[in-house]
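So you can see what is in the structure, the chains are spelled out below.
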Amino acid sequence: MAALLLLLLLAAAGPGPGRADAERERRDALQEELLLSPLPTGDVAATFQFRTRWDADLQRGSVSHYRLFPKALGRLVAALGVRELHLALTQGFWRTRYWGQPPLQAPAGAELWVWFQPTVTDVDKAWKELSNILSGIFCASLNFIDSTNTVIPTASFKPLGLANGTDHHLLRYAVLPREVVCTENLTPWKKLLPCGSKAGLAVLLKAERLFHSSYHSQAVHIRPICRDASCLAVSWELRQTLTVVFDFFSSGQGKKDWSLFKMFSRTLTDSCPLASQSKVYVDISPKNKSFPQEKELLEVSPPPTSVHEAVVQGDKKTYAVYDLLSPSLFNTSRSLNVQLKWKRPQDSSEMPIPTLHAQRYVGGYGLQTGEICTLIYNTHPYRAFPVILLETVPWYLRLYVHTLTIITKGKENKPSYIHYQPAQDRRRPHLLEMLIQLPANSVTKITIQFERALLKWTEYPPDPNHGFYVGSSVLSALVPSVTAMKDMDVEQSPLFTSLFPSSDGSSYFVRLYTEPLLVNLPTPDFSMPYNVICLTCTVVAVCYGSFYNLLTRTFHVEEPSRGGLAKRLANVIRKFRGVPPL
């Protein structure tokens, strides 16, 4: 009777957890992708993206079970009232002029911008606490973010998810251009993945190969999105992206043929068991649009699962797609090693020029004054479009706003909107935002003069002669698209296209970053205090030591002794010999 009762209890309790697990499986989903893009210069860009979507309300704090969504980030969002979070750690600089428009670009160093909930009363306190917690999670120097490098943009960095972008006081933005990215930042980033680095596309994330590259950028994006088309409920989305550019010429291979094993020293054996989508995209689009038949010059092996065409960033792209969840992919081979070969060398004169790109440098001479110059290029033959420029300059470079000039085609170009917040010494940096109209096929030059401040000797970094870094300028624009984007293309396109969706298809959003600046400041001779200390200590030790010795020493007069027994015996012997005594 007891055994029968136990069986009945187990049968009654059995379906409960099963239904709960099935409900959890329906509430979250994981999608992973890898985009391989041959660049015009012969380099290869690999973009990983892991998208975790969770149909839960993190703001209410009622979530207690985490399955795919990282618990560390989920509790952080709920505790500090975070609406959106975007963190990027980058080593190197994306050369837009030669590599084209990046899928997701980030400035050199560490970048963090966050939108908070309207219920947060003290945003500055929450911002400081958030940066300290993220510093511990990702082993980065984000704890150095303070009021001296934090700004509140008014026109840039609008929310990418469901958020009210009008109250800019809930936004915080900071950049640490001197931050160095290494393996200690990659390891905690990989631990946030549902499968870690044990299965799926994450097995290619080998630190020895990723950091032996020209460009490395890893990012985390958290935002709320609509759960369905009616948008009556909210879901939370986590995107973990990693972009790396391999230079085969510098590695000694000297040719543009590449494969997964050459890049990562590994191949793909299976997909992540928790992923609902796992795909590898290979960009086989012709680099020269004047000769569409050039796509036949690219040979991809093994044969892809399918070929997809889509309009990405205003340009028509052709992708060879490998679906890791397809049973037929691993039937012939246990591993997938995608290879791409060029049938003939590509001419460097055929490199396409991006529609929007920019560069920045420091002008002037001496260590008193200087000039920041920014060049913005619009290569579109007949379309003009506006661009929002965001400049963040440290307080020790004192800007002369009256020297701000904007020249386009030899004429003055007045900005439609300008917002300037002056800096306060040792409290906040300069903030300059402008809305500038870029004529078709033009180059716009923006210059502003500054004066270098003299810091206190305790404010200099350990290597002051190396220089002081100034964060990158940020360009935000809706670039006209050559080819209109269809709605059905977005569903089959790579995941990065859904982070910046196009409203009408006639234009696409681009956010670009210029080079960070390295500025020399008036630096004192830090070896002189050392020399002064050594000389002063020597003089004090010699002079004071001798004087003190003379003042404290006690002198005693010793009388000559008459000698001992041996001396008397020697004198007696000398007397008998007729020798004078001692």
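About the thresholds
- Residues numbered from 1 in each chain as written.
- Predicted model: local features only at pLDDT ≥ 70, side-chain atom pairs only at ≥ 80, totals over all residues.
- Heavy atoms only, no water.
- Helix = DSSP H or I, 4+ residues; strand = E, 2+ residues; numbered from the N terminus.
- Buried < 20%, exposed > 50% of the residue type's maximum accessible area, 1.4 Å probe, protein only.
- Contact = heavy atoms within 4.5 Å.
- Areas by Shrake-Rupley, 256 points an atom, 1.4 Å probe, with all protein chains shown as cover.
- Disulfide = S-S within 2.5 Å.
- Expected span 1.5 Å × (residues − 1).
- Phe/Tyr/Trp six-rings, centres within 6.5 Å; stacked < 30°, edge-to-face > 60°.
- Lys NZ or Arg CZ within 6 Å of the ring centre and 35° of its normal.
- Core = buried A, V, L, I, M, F, W, Y, C linked by side-chain atoms within 4.5 Å.
- Pairing = 2+ DSSP bridges.
- Salt bridge = Lys/Arg side-chain N within 4 Å of Asp/Glu carboxyl O.
- pLDDT = per-residue confidence, 0-100.

### Here we look at the overall build of the chain
For step 1, the next point in the chain: Secondary structure assignment for the chain yields eleven helices and 26 strands.
For step 2, the next point in the chain: The 582 residues of the chain split such that 47% are buried.
For step 3, the next point in the chain: Residue pairs at least 24 apart in sequence account for 75% of intrachain contacts in the chain once pairs closer than 6 positions are excluded.
For step 4, the next point in the chain: When the accessible surface of the chain is split by element, carbon and sulfur atoms take 56% of a total near 29,600 Å².

### Focus on the state of the cysteines
For step 1, the next point in the chain: All chains considered together, the criterion is met by one disulfide.
For step 2, the next point in the chain: Each sulfur of the disulfide joining C195 and C272 lies 1.7 Å from the other. Torsion about the S-S bond of the C195 and C272 cystine: about 65°, corresponding to right-handed handedness. Of this pair, C195 sits in the loop between α6 (183-191) and α7 (207-210) while C272 sits in the loop between α8 (260-264) and β10 (277-283), and the two are 77 residues apart along the sequence.
For step 3, the next point in the chain: Here C195 falls in the buried class, since its relative accessible area comes to 16%.
For step 4, the next point in the chain: Taking the relative accessible area as the measure of exposure, C272 reaches 2% and is therefore buried.

### What about helix α11 (residues 565-577)?
For step 1, the next point in the chain: With 13 residues, α11 ought to run about 18 Å at 1.5 Å a step, and its terminal C-alpha atoms sit 19 Å apart, in line with that.
For step 2, the next point in the chain: Note on α11: the residue one or two positions beyond its end, G578, has a positive phi of about 80°.

### Some words on the packing of aromatic side chains
For step 1, the next point in the chain: According to the stated counting rule, one finds 16 aromatic pairs in the structure shown.
For step 2, the next point in the chain: Judged by centre distance (5.6 Å) and plane angle (75°), the ring pair of F48 and F264 falls under edge-to-face. In this pair, F48 sits in strand β2 (residues 44-54) while F264 sits in helix α8, placing the two residues 216 residues apart along the sequence. Each member of the pair, F48 as well as F264, carries the same accessibility label: buried.
For step 3, the next point in the chain: The rings of F48, F50, W189, F246 and F264 are connected pair by pair, giving a single aromatic cluster.
For step 4, the next point in the chain: Here R97 stacks its cationic end above the ring of Y98, 5.6 Å away from the centre of that ring.

### Here we look at the nonpolar core
For step 1, the next point in the chain: By size, the foremost hydrophobic cluster in this structure holds 87 residues, and its most contacted members are F48 and V282.
For step 2, the next point in the chain: Not counting chain neighbours up to four residues away, the residues in contact with F48 comprise E33, L34, L201, L204, L205, Q240, T241, L242 and F264.
For step 3, the next point in the chain: Among the nonpolar cores identified, the runner-up in size contains 18 residues, and F385, L438, I446 and A477 belong to it.

### Some points on the sheet that holds strand β9 (residues 258-259)
For step 1, the next point in the chain: As summarised here, the arrangement of the three strands in space is β9-β14-β11, forming an open sheet in which the pairing is antiparallel. Each edge of the open sheet carries a strand with a single partner, namely β9 and β11 (298-301).
For step 2, the next point in the chain: Relative to strand β14 (residues 339-342), β11 runs antiparallel, the two being bridged by four bridges. Across the sheet, the residue bridging to V300 is L340, located in β14.

### Let's talk about the pattern of salt bridges
For step 1, the next point in the chain: With the rule as written, the count across this model stands at 13 salt bridges.
For step 2, the next point in the chain: A salt bridge links E237 to R51; the nearest nitrogen and oxygen atoms lie 2.5 Å apart. Of the two residues, E237 sits in strand β8 (residues 234-246) while R51 sits in strand β2, which places them 186 residues apart along the sequence.
For step 3, the next point in the chain: For D55, the salt bridge is made with R227, and the minimal N-O distance between the two is 3.9 Å. On the criterion of sequence distance, the pair formed by D55 in the loop between β2 and α3 (71-80) and R227 in the loop between β7 (215-226) and β8 is long-range, its members being 172 residues apart.
For step 4, the next point in the chain: Here the salt bridges share partners, and the residues they tie into one network are R51, R223, E237 and R239.

### Describing the sheet that holds strand β15 (residues 356-363)
For step 1, the next point in the chain: An order of β15-β16-β22-β18-β19 is seen for the five strands of this open sheet, with the pairing classed as antiparallel. Of all strands in the sheet, those with a lone pairing partner are β15 and β19 (411-412), marking the two edges.
For step 2, the next point in the chain: One ladder, built from eight bridges, connects strand β18 (residues 397-408) with strand β22 (residues 442-452); its direction is antiparallel. Bridge pairing links R398 to E451 in β22.

### Here we look at the pairing of strand β3 (residues 82-91)
For step 1, the next point in the chain: Of all ten residues making up β3, eight are buried, and the element is well covered by its neighbours.
For step 2, the next point in the chain: By the bridge criterion, eight bridges tie β3 to strand β4 (residues 109-116) in an arrangement that is antiparallel. Along β4, the bridge assignment pairs L89 with A110.
For step 3, the next point in the chain: When β3 meets β7, the two strands line up antiparallel, connected through seven bridges. Paired with Q91 across the strands is H216, a residue of β7.

### Quick look at the confidence of the model for the chain
For step 1, the next point in the chain: Residues of the chain with pLDDT of at least 70 account for 85%, and the chain-wide mean is 83.
For step 2, the next point in the chain: This model gives residues 1-26 a pLDDT under 50, and the stretch forms four contacts once residues within four places in sequence are excluded.

### Observations regarding the pairing of β14
For step 1, the next point in the chain: Of the two faces of β14, the one holding L340 and W342 is buried and the one holding Q339 and K341 is not buried anywhere.
For step 2, the next point in the chain: The pairing of β9 with β14 spans two bridges and is antiparallel. Note that in β14 the partner of W258 across the bridge is L340.

### Structural notes on the environment of S326
For step 1, the next point in the chain: Here S326 is to be found in the loop between β13 (315-323) and β14.
For step 2, the next point in the chain: Look at S326 and you get buried, because its relative accessible area is 16%.
For step 3, the next point in the chain: Along the primary structure S326 and S278 are separated by 48 residues, whereas in three dimensions their C-alpha atoms are 9.4 Å apart.

### Some words on the environment of P429
For step 1, the next point in the chain: By the element assignment, P429 lies in the loop between β20 (417-421) and β21 (430-438).
For step 2, the next point in the chain: Taking the C-alpha atoms as reference points, P429 and W395, 34 residues apart in sequence, are found 4.7 Å from one another.
For step 3, the next point in the chain: Setting aside its immediate chain neighbours within four residues, P429 contacts S147, T148, N149, T150, V151, T392, V393, P394, W395, Q421, P422 and A423.

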